[in-house]
Protein chains: 2
Amino acid sequence: MINTIKINLTTEEILTQHIGVEREGLRCDVEGNLATTKHPDVFGGKLLNPYITTDFSESQLEFITPALKNATQVYDFLENLYNIAVLEIGDEYIWPQSMPCTLPDDAQIPIATFCHTEKGAQAYCYRMHLLQKYGGKKQVVSGIHYNFSFNEKIIDELYKASSKDTEYKEFRNDCYLKVARNYLRYRWLIIYLLGGSSVVHKTYEKEVIDRLENEYIDSCSSKGALSYRNGECGYANKNDLYPDYTNITAYVESINNFVIENKIESPKELYAQVRIKAYNNDDLLTSLKEDGINYLEFRSIDINPFDKAGIKKIDLEFLSIFNIFLLLKEESNYKNFQKDSNKNQFTIAQHGFLDTFLLMDGKEVKKSDWAKEILLEIKNINETLNLELNDSIEYQLKKIEDPKKTYAHKIFSKVRENGYINTHLELAKAYKQDAYNNRYLLKGFENLELSTQQIIKESIKRGININVIDPLDNFIRLEQNGHIEYIKQATKTSKDTYISMLIMENKLVTKKVLSDNNINVPKGDEITAVVDIANKKSILNKYQERAVVIKPKSTNFGLGISIFKEPASMEDLLGATEIAFKYDDTILVEEFAKGNEYRFIVIGDKVIGILNRVPANVIGNGNLSIRELVEIKNQDPLRGKGYKTPLEKIYLDENSALFLKQQSLNFDYIPKLNEIVYLRENSNISTGGDSIDYTDDIAPYFKEIAVRAAHSAGANICGVDMMIEDITAHNKNYSIIELNFNPAIHIHHYPYKGKGRNIASAVLDLLEYKIQSC
Amino acid sequence: MINTIKINLTTEEILTQHIGVEREGLRCDVEGNLATTKHPDVFGGKLLNPYITTDFSESQLEFITPALKNATQVYDFLENLYNIAVLEIGDEYIWPQSMPCTLPDDAQIPIATFCHTEKGAQAYCYRMHLLQKYGGKKQVVSGIHYNFSFNEKIIDELYKASSKDTEYKEFRNDCYLKVARNYLRYRWLIIYLLGGSSVVHKTYEKEVIDRLENEYIDSCSSKGALSYRNGECGYANKNDLYPDYTNITAYVESINNFVIENKIESPKELYAQVRIKAYNNDDLLTSLKEDGINYLEFRSIDINPFDKAGIKKIDLEFLSIFNIFLLLKEESNYKNFQKDSNKNQFTIAQHGFLDTFLLMDGKEVKKSDWAKEILLEIKNINETLNLELNDSIEYQLKKIEDPKKTYAHKIFSKVRENGYINTHLELAKAYKQDAYNNRYLLKGFENLELSTQQIIKESIKRGININVIDPLDNFIRLEQNGHIEYIKQATKTSKDTYISMLIMENKLVTKKVLSDNNINVPKGDEITAVVDIANKKSILNKYQERAVVIKPKSTNFGLGISIFKEPASMEDLLGATEIAFKYDDTILVEEFAKGNEYRFIVIGDKVIGILNRVPANVIGNGNLSIRELVEIKNQDPLRGKGYKTPLEKIYLDENSALFLKQQSLNFDYIPKLNEIVYLRENSNISTGGDSIDYTDDIAPYFKEIAVRAAHSAGANICGVDMMIEDITAHNKNYSIIELNFNPAIHIHHYPYKGKGRNIASAVLDLLEYKIQSC
């Protein structure tokens, strides 16, 4: 079998699986008590958001990744969901442990509420049923469910190499059933390697707490316990149930019988460690019979308290090869394997730290010996298939060699010293801080522009499906309930017309259109490349005694623009025209408008954000030098290098040295308290400039003008650059110098100073992706 | 005065006037009978189209230019209106003469019909009233009305230099009243220089014909007659009326009195040779009193039979300086000038060829002496103000020196020899042929792309106001009843979204979107610039045994595309990727689709045109060589050079010599009857290829697919390039290789073979500029 795979698939193809992870996490307050607040409205209805929802309790967040291709993508997406959610829950935290935080009595545990729809009522009643049958505290134990299927090509090639005496669908079902059976056999290893619920808070179920031997500050444990979630605290059916995994017909029949015999209420209630998933899980058994197995769900994985995402990437990588091991591993025909495997699970969960014995085909083997044997086989697979996962395998081996290196033992040690609540709260706080520091980006999407990352982030919040169709072009596709929108570079959408963009692209046309609509633009002239020198001079003559701007008709990013704030010589003006002509065959000569420049972001009929950009600068405290002040300012995580962050670090280069020298200053000068020292002339963010939010400070008068200006060009998404002398509008002078059809939005989300403005959210509103509350 | 102008205004400023011309022209049939057909529907309601309408009769076309800046613009626009109209009247012609063609009895002359609105009813009743009061035949005499005002800067500078003892508005009124008075005095010269109605057809009013002395074949005239339209056949009030032109108050009062005294029914009925026009001509007298004079209208100009536009450009140029002469010329205080001037008009109109005497301030002067005196003064103005109109002045001088050089005499001579109807019909036919030969272009708009010219042409037909806001960008603005649309390059409009264009621009995204919508696209792979050589080769490997296309993700015009119709070597394929990477950082490798390529133009939800392009070729007749056949093919007026025409001339260059050589042929080869010889491999129009219309030949199946493809990308205007094996769709194979967001439209209007398709009209429909029928 392994040779068939080796010959027919590349490393990438083998590791390209379909993996989706569900991760639960309780919301808790600053003291580690279960939060009693509502699930944030921003995520919409719980049955409608496929990414961020709740599980049993209103306070039990559940993060669900879509089916992704590999461990890295899954890890990144999980981290994104964490980052997004944790910044929307005020001063609460996400409890980083499968076993719950400080719990109130069952009656006070808030059950998740739903919309008053039929589905919503069902969801609520199902939870009520669980509460009564199993108790509330057990329901808020959290974990990770790992869903996966192989690259279809693997099954396909194995089938081709087989005797083909069954149909492909049956062959495929048999493959996944084998994996399921093997998972049941070897799951004890996963629990050992990934288990992390080795202590229980005292507020957990009294009957459990009473049984535990040792007390550590605010929590309890018994010797050698490794995963209470997979042991006595965990979820299990009231009786041991053994479905028949021989073939799909037998499996369906066995589950049907459990329901008929009233052992479970529905197939959904079978708490197996592995679940066989169909294409239509609402009608699981019919779908399994008709369409076969879609994917498998492993349910033994604890939350890893030592990772923000709840599971480490290196462990996700291990699971990728573990899956292949399960597919390849030949089975013995020992009949009692399900019962023995359950025993093994409990042995590991309850006494995993100890050097216990497990049952292998009815015989006792030393846990560590068996574990090493399995890992050796996995190592061989890794080498044969050239999967390059050696690091991940070695990492697991170390945990086997030394139980102290398990997550379970590590958290146990910390809890013993600092207490259960303190230990976990400290981790939760660090994760939240890290999320805040990285609030401007999305993991795994770093190759996209920051503006596009904001759109995707907001889309995830609203449960919109995202598809990056051309990363190099920042071209994405959104879909929700059949409503498809394509977006390029965050602000190029279906809500603007092509001609509207062309009006804005051509500064000459922009000015004509604005003038036609009685909106102030700088007075000016146009010069085309064919104009002779005499006529050129006669035009420039008019501007010799004024502040003047010379710019090409249609470039952006300030290319080819010359600004003369003081009257300039004819020679300088002519030079500036030559520069501008490098970018276009028509250039504009304009009076330089008075005042400060503000960037208004108009979305639809509203101004959502206003920014002013200020050159790189430091503010003195009377003690530190410019050099030291810059160093401190650069520590802001929003400041980075190369447009990967909303702001850029300030560099003390030749330019700034020269600029300071003109003011008779140098880098070692110590500015007085509150003295502002500018380090450059230009206010570009790219050279360390600051962005300052003015959205609430500019008079409505100018906002109305910005909206009118955008609408004059027919624009729904528009960056309006306006020169304003007096933002209170006592003096109503203004001049619009440019309309931008592709305004950056991330700078408004994360300004240096002032309130961030959620432009992405406004863009999604405009695109009519409302938050789906029900 | 002249010095004030000279000092303060440039030549261009002086000659930049506001000039609008109205030109009438009867529609006649192939035998020169007044047409009895309806005014073409394509021009919409007569009261709604500002450019092309009718005057008194349903058959009396009236062309109206907007207010334009100079003689050239006016001439070009008039010619355009002629060209547009004459190609919409089937096998009729436009009668090139002020005096009518063969007329039926008054009762058979069709009065223009109008919509059943209040305005429409008024228009009809007014014509009925005229018919009864003046007779029908006089009503269909046609002419030119010349409306103008000066560059406001002239009046402004004259005012500044004046004593300023009146207000500006009064000063301005006085200027125009002076021009009006001087026009009355000197109009006889204009009639002499531009008169062209020296003979009258026998079917004209019997009482006129009876009075004329000489008969020439089918027409009559009297000795020396120069302009019957300005003489006894013309329009005049029943009694001589002398409005008071002293000042605006007096003028308004005098007109009021005419109405009160029942001499005229309304101010509109005053048939003065000059009309004082207000800003609101619907309420002329009130508006004149309140707002002053807007512009003047000269009404003495005959249709010039020797010019398609009805007036020569050189004469329009002369009028520009004549206007300035009228403004500058000092007046005598001779009281009876109006009556004398009327006499002078009749003298010239009735006996202009003779060396008659005219009345100047009550004294007789020789016509030619006075004329020369005026022209000398105009020559001086020309020199002083450096207007560079010497040619035009000299041209007029020659007519004075030799009456045989007048238009009136020239037409008279021709009519005497060939008859009235024949002579004029011959001219009309030549003008129509010329219009047809130039049907693809618009005079004065040649700097715009041919596609944009088609849009403007269709806009004129529908009476839409056009404003070219940036000719270099082919950026135009349309306006009708407040409905404004901007268009760039003919097909970039408000009807497409920005994202739709971006989807089409990115071939990778286009393919994904089409595939998502179950539309066939060539199978293929993408390669990004970062892919290493090994992976590149492994991708290209798949294509080594097939026909393949390698192209950049996002260029147009075939740049960077390599097509291998035969299996290619790895070396060639790698070379092709390098070429493609010059244009983009992502390239596509695709199977080459089978069949012929067709360009579908989708507008809204319809396919309006389908073209197939064929390489440059000739079809043999058994007699002529390739060289001779090419020469004949190149005579098609649609073939030109440098994209100024819908097709390009075929050049027998090295490439074609080589291509023929490969077939063992050369330029002197004589192809057999119906033998097709191709001269190139590529089918580009730019290298002499032929465009062949297939709109009616392609099965509806493929048209539906083209529309679906466009709509998948959200496009309303789209050029769909489809490979089709069997246009009857018995074989339904097809593949869409590209969507174009800026398809050329002129090639569909004027294909080499097959029916032209009016894409521009469909674009205007899409933009909701319907033909306004009422």
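Before reading further, recall that the structure is shown in the block above.
The text that follows walks through the structure, step by step, so that each part is easy to find. (Residues numbered from 1 in each chain as written. Chains lettered and ligands numbered in written order. Predicted model: local features only at pLDDT ≥ 70, side-chain atom pairs only at ≥ 80, totals over all residues. Heavy atoms only, no water.)

### Topic: the overall build of chain A
Secondary structure summary: chain A contains 26 helices and 28 strands in total. The dimensions of chain A, computed from C-alpha atoms along their principal axes, are 100 × 65 × 55 Å. For chain A, buried positions account for 59% of its 774 residues. Looking at chain A as shown, the accessible area adds up to about 32000 Å², and 48% of this sits on carbon and sulfur atoms. Charge centroids of chain A, computed over 94 positive and 109 negative side chains, lie 1 Å from each other. (Helix = DSSP H or I, 4+ residues; strand = E, 2+ residues; numbered from the N terminus. Buried < 20%, exposed > 50% of the residue type's maximum accessible area, 1.4 Å probe, protein only. Areas by Shrake-Rupley, 256 points an atom, 1.4 Å probe, with all protein chains shown as cover. Lys, Arg positive; Asp, Glu negative; His and termini not counted. Charge placed at Lys NZ, Arg CZ, Asp CG, Glu CD.)

### Brief notes about the relation of the copies chain A and chain B
Here chain A sits on chain B after a turn of 180° about the axis and a move of 0.0 Å along it, with an RMSD of 0.1 Å. Here the transformation between the copies is reduced to the relation of a two-fold axis. Of the interface residues in chain A, 100% have counterparts in chain B that sit at the interface too, so the contact is made through matching surfaces. (Least-squares fit on C-alpha atoms with pLDDT ≥ 70 in both. Contact = heavy atoms within 4.5 Å.)

### Describing the state of the cysteines
Summed over all chains, the structure comprises two disulfides over all chains. Linked covalently through their sulfurs, Cys115(A) and Cys774(A) form a disulfide whose S-S length is 1.9 Å. Handedness of the Cys115(A)-Cys774(A) disulfide follows from its S-S torsion of about -110°: it is left-handed. Here Cys115(A), found in the loop between strand S4 (93–94) and helix H4 (118–134), pairs with Cys774(A), found in the segment after helix H26 (759–766); they are 659 residues apart in sequence, far enough to count as distant. Residue classification places Cys115(A) among the buried positions, given a relative accessible area of 19%. We note that Cys28(B) lacks a disulfide partner, and the nearest cysteine sulfur, in Cys101(B), lies 5.1 Å from it. (Disulfide = S-S within 2.5 Å.)

### With respect to the interface of chain A and chain B
In this assembly, 31 residues from chain A lie in contact with 31 residues from chain B. A buried area of about 2600 Å², summed over both sides, lies between chain A and chain B, and 65% of it is on carbon and sulfur atoms. If you sort the residues of chain A by the area they bury against chain B, Tyr486(A), Tyr498(A) and Ile499(A) come out on top, with a joint share of 27%. If you look at where chain A meets chain B, you find eight salt bridges. Here Glu505(B) makes a salt bridge to Lys488(A), at a shortest N to O gap of 3.7 Å. Across the contact surface, chain A and chain B share 14 residue pairs in polar contact (both at pLDDT 80 or more). Among the secondary structure elements, those contributing two or more residues to the side of chain A that touches chain B are strand S13 (465–470), strand S14 (475–480), strand S15 (483–488), helix H18 (498–505) and helix H19 (507–516) of chain A. Counting residues per element, the side of chain A that touches chain B draws most heavily on H18(A), at six residues. (Buried area = accessible area lost by both parts, 1.4 Å probe. Salt bridge = Lys/Arg side-chain N within 4 Å of Asp/Glu carboxyl O. Polar contact = N/O pair within 3.5 Å; in protein donor to acceptor, adjacent residues only side chain to side chain.)

### Concerning the sheet that holds strand S6 (residues 200–201) of chain A
Within a sheet, neighbouring strands are paired by backbone hydrogen bonds and run either parallel or antiparallel to one another. All names here are of chain A. Strand order in the open sheet formed by three strands is S6-S8-S7, and the pairing between neighbours is antiparallel. The open sheet is flanked by S6 and strand S7 (214–216), the only strands paired with a single partner. Relative to strand S8 (residues 219–221), S7 runs antiparallel, the two being bridged by three bridges. The partner of Tyr216 across the bridge, within S8, is Ser219. (Pairing = 2+ DSSP bridges.)

### Some words on the side chain of Asn474(B)
Inspection of the secondary structure puts Asn474(B) in the loop between strand S13 (465–470) and strand S14 (475–480). Setting aside its immediate chain neighbours within four residues, Asn474(B) contacts Leu448(B), Glu449(B), Thr452(B), Ile487(B), Lys488(B) and Gln489(B).

### Let's talk about unusual backbone geometry
Across the chain, the bulk of peptide bonds are trans and the bulk of non-glycine residues have phi less than zero. Despite not being glycine, Ile217(A) shows a phi value in the positive range, around 55°. Within the element layout of this structure, Ile217(A) appears in the loop between S7 and S8. Relative accessible area serves as the criterion here: at 52%, Ile217(A) is assigned to the exposed category. Non-glycine residue Ser664(B) carries a positive phi angle of around 60°. Turning to its location among the elements, Ser664(B) is positioned in the loop between helix H23 (654–662) and strand S25 (676–678). A residue is classified by how much of its surface remains accessible, and Ser664(B), at 66% relative accessible area, is exposed.

### Looking at the packing of aromatic side chains
Applying the stated rule across the entire model yields 50 aromatic pairs over all chains. A ring pair is formed by Phe741(A) and Tyr498(B), whose centres lie 5.9 Å apart and whose planes are at 80°; its orientation type is edge-to-face. Of this pair, Phe741(A) sits in the loop between strand S28 (734–740) and helix H25 (746–749) while Tyr498(B) sits in helix H18 (residues 498–505), which puts the two residues in different chains. With respect to class, Phe741(A) is no different from Tyr498(B); both count as buried. Here a set of aromatic residues connected by ring pairs shows up, and it is made of Tyr146(A), Phe148(A), Phe150(A), Tyr176(A), Tyr183(A) and Phe298(A). Its guanidinium or amino end placed over the ring of Tyr93(B), Lys432(B) lies 5.2 Å from that ring's centre, counting from NZ or CZ. Across the ring face of Tyr543(B), the terminal group of Arg546(B) is positioned such that the distance to the ring centre comes to 5.3 Å. (Phe/Tyr/Trp six-rings, centres within 6.5 Å; stacked < 30°, edge-to-face > 60°. Lys NZ or Arg CZ within 6 Å of the ring centre and 35° of its normal.)

### Observations concerning a nonpolar patch on the surface
Among the surface-exposed residues, Leu559(A), Ile579(A) and Tyr583(A) lie close enough to one another that they form a single nonpolar patch of about 250 Å² accessible area. On the secondary structure map, Ile579(A) appears in helix H21 (residues 570–581). (Patch = residues over 30% accessible without salt bridge, like charges linked within 9 Å, V, L, I, M, F, W, Y side chains within 5 Å.)

### Some words on the sheet that holds strand S26 (residues 690–693) of chain A
All names here are of chain A. Taken in spatial order, the five strands of this open sheet run S26-S21-S20-S27-S28, and their pairing is antiparallel. The open sheet is flanked by S26 and S28, the only strands paired with a single partner. Each strand axis lies, on average, 30° off the axis of its neighbour in the sheet, ignoring direction. As paired strands, strand S21 (residues 606–614) and S26 are joined by four bridges and run antiparallel to one another. Bridge pairing in S26 places Asn612 opposite Ile692. (Axes fitted to C-alpha atoms, helices over the stretch in contact; angles between N-to-C directions.)

### Notes on the environment of Glu738(A)
As for its placement among the helices and strands, Glu738(A) is situated in strand S28. Residues Glu738(A) and Leu540(A) lie 198 residues apart in sequence; the distance between their C-alpha atoms is 21 Å.

### Here we look at the pattern of salt bridges
All names here are of chain A. Applying the stated rule across the entire model yields 94 salt bridges over all chains. Linking Glu157 and Lys160 is a salt bridge whose minimum nitrogen-to-oxygen distance equals 3.4 Å. With Glu157 and Lys160 both in helix H6 (residues 152–161) and three residues apart, this pair spans about one turn of that helix. Owing to a relative accessible area of 11%, Glu157 belongs among the buried residues under this scheme.

### Topic: H4(A)
Residues and elements named next belong to chain A. Spanning 17 residues, H4 covers 24 Å between terminal C-alpha atoms, matching the ideal 24 Å at 1.5 Å per step. Burial in H4 covers these residues: Gly120, Ala123, Tyr126, Arg127, His129, Leu130 and Tyr134. Structurally, H4 contributes buried residues whose contacts are with strand S2 (52–54) and helix H5 (136–139). Immediately beyond the C-terminal end of H4, within one or two residues, lies Gly135, with a positive phi of roughly 90°. (Expected span 1.5 Å × (residues − 1).)

### Some details on helix H9 (residues 248–260) of chain B
Residue and element names in this part refer to chain B. Taking 1.5 Å as the rise per residue, H9 with 13 residues should run 18 Å; its terminal C-alpha atoms sit 18 Å apart, in good agreement. Of the positions making up H9, those classed as buried are Ile248, Ala250, Tyr251, Val252, Ser254, Ile255 and Phe258. Against helix H7 (168–194), strand S9 (274–277) and helix H10 (284–291) lie the buried residues of H9. The N-terminus of H9 is capped by Asn247, whose side-chain oxygen sits 3.1 Å from the backbone nitrogen of Thr249. Looking at the residues trailing H9, positive phi occurs at Asn262, about 65°.

These values are about where atoms sit, not about what they do.
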